[in-house]
Amino acid sequence: MSSIKQIQITFDCADPERVARFWCEVLGYVVPPPPEGFADWGEFDRSLPPERQGASFVCMDPIGVGPRMYFQRVPEGKVVKNRVHLDVRVGTGLVGEERLAALEAECSRLVALGAVRGRLLLADGENESCQNMQDVEGNEFCLD
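Residues numbered from 1 in each chain as written. Predicted model: local features only at pLDDT ≥ 70, side-chain atom pairs only at ≥ 80, totals over all residues. Heavy atoms only, no water.

Peer 1: Can you break down the sheet that holds strand β3 (residues 68-73) residue by residue, with the values?
Peer 2: Ordered by their spatial adjacency, 3 strands build an open sheet running β1-β3-β2, and the pairing between neighbours is mixed. Strand pairing shows two members of the sheet lacking a second neighbour, β1 (8-13) and β2 (56-59), which therefore form its edges. Direction aside, neighbouring strands of the sheet carry axes that sit 20° apart on average. When β1 meets β3, the two strands line up parallel, connected through 6 bridges. Counterpart to Phe 11 in the pairing with β3 is Phe 71. Against the sheet, helix α1 (residues 16-27) touches β1, β2 and β3, its axis set at about 155° to β3. (Pairing = 2+ DSSP bridges. Helix = DSSP H or I, 4+ residues; strand = E, 2+ residues; numbered from the N terminus. Axes fitted to C-alpha atoms, helices over the stretch in contact; angles between N-to-C directions. Contact = heavy atoms within 4.5 Å.)

Right under this line is the structure:
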């Protein structure tokens, strides 16, 4: 019998702290406390060699159920569609107009945080409606 493994979701990005703070707002995640001996993450970051400053940032589920999210700076920008994306479950159990209203409310909240609205995919008899989105650096995700 295999054991359940914990996972971390890693994002390549240009501005790790900005993207991490966006996802904290989306998911209700938090930034973990800084390492011992540092008053805050800024102080810790300034202690690193210049080439490592701002190179990564982390956010986590405050109750420890969801995966840790790690954001790392990479030199290249996003070029093509993600092969993997997050589905943010805001309409679970809702159908029809009630589901569309929940998707729209969350979409509007996230657009105010810097997300970009994509295509709304309406229910088709097999799948319920979902809203395609992009985060602050263009990474695709769905509200479903």
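Additional details are given in the paragraphs that follow.
Peer 1: I'd like a rundown of the nonpolar core, residues and numbers included.
Peer 2: Among the nonpolar cores identified, the biggest contains 23 residues, and Trp 23, Met 69, Phe 71, Phe 141 and Leu 143 are the most heavily contacted of them. For this core, the secondary structure elements donating two or more residues are β1, α1, β2, β3, β4 (86-88), α3 (96-112) and β7 (140-143). The greatest single-element share of this core, amounting to 6 residues, is contributed by α1. Ignoring anything within four residues of it in the chain, the contact list for Leu 143 reads Val 88, Val 90, Leu 103, Glu 106, Cys 107, Leu 110, Cys 130, Gln 131 and Met 133. (Core = buried A, V, L, I, M, F, W, Y, C linked by side-chain atoms within 4.5 Å. Buried < 20%, exposed > 50% of the residue type's maximum accessible area, 1.4 Å probe, protein only.)

Peer 1: Which residues make up the side chain of Glu 106, and what values go with them?
Peer 2: Relative to the helices and strands, Glu 106 is located in helix α3. Residue Glu 106 is classed as buried on the basis of its relative accessible area of 13%. A polar contact of 2.9 Å, which involves the side chain of Glu 106, links it to the side chain of Arg 109. When neighbours within four sequence positions are excluded, Glu 106 is seen to be in contact with Val 26, Val 90 and Leu 143. (Polar contact = N/O pair within 3.5 Å; in protein donor to acceptor, adjacent residues only side chain to side chain.)

Peer 1: Would you mind going over the pairing of β7 in detail, with residue names and values included?
Peer 2: Burial along β7 is two-sided: Glu 140 and Cys 142 facing one way and Phe 141 and Leu 143 facing the other are all buried. Note that β4 and β7 share 3 bridges and pair parallel. The residue of β7 that forms the bridge with Val 88 is Leu 143. Between the end of strand β6 (residues 130-134) and the start of β7, which pair antiparallel, lie 5 residues, with Gly 138 showing a positive phi angle near 90°.

Peer 1: Pulling in residues and values, what's your account of the packing of aromatic side chains?
Peer 2: Considering all chains together, one arrives at 8 aromatic pairs under this definition. Centre to centre, the rings of Trp 41 and Phe 44 are 5.5 Å apart; their planes meet at 90°, and the pair counts as edge-to-face. Of the two residues, Trp 41 and Phe 44 both sit in helix α2 (residues 41-46), 3 residues apart, roughly one turn of that helix. Residue class for Phe 44 comes out partly exposed when judged on its relative accessible area of 23%. Taken together, the aromatic side chains of Phe 11, Phe 22, Trp 23, Phe 71 and Phe 141 make up a single cluster linked through ring pairs. (Phe/Tyr/Trp six-rings, centres within 6.5 Å; stacked < 30°, edge-to-face > 60°.)

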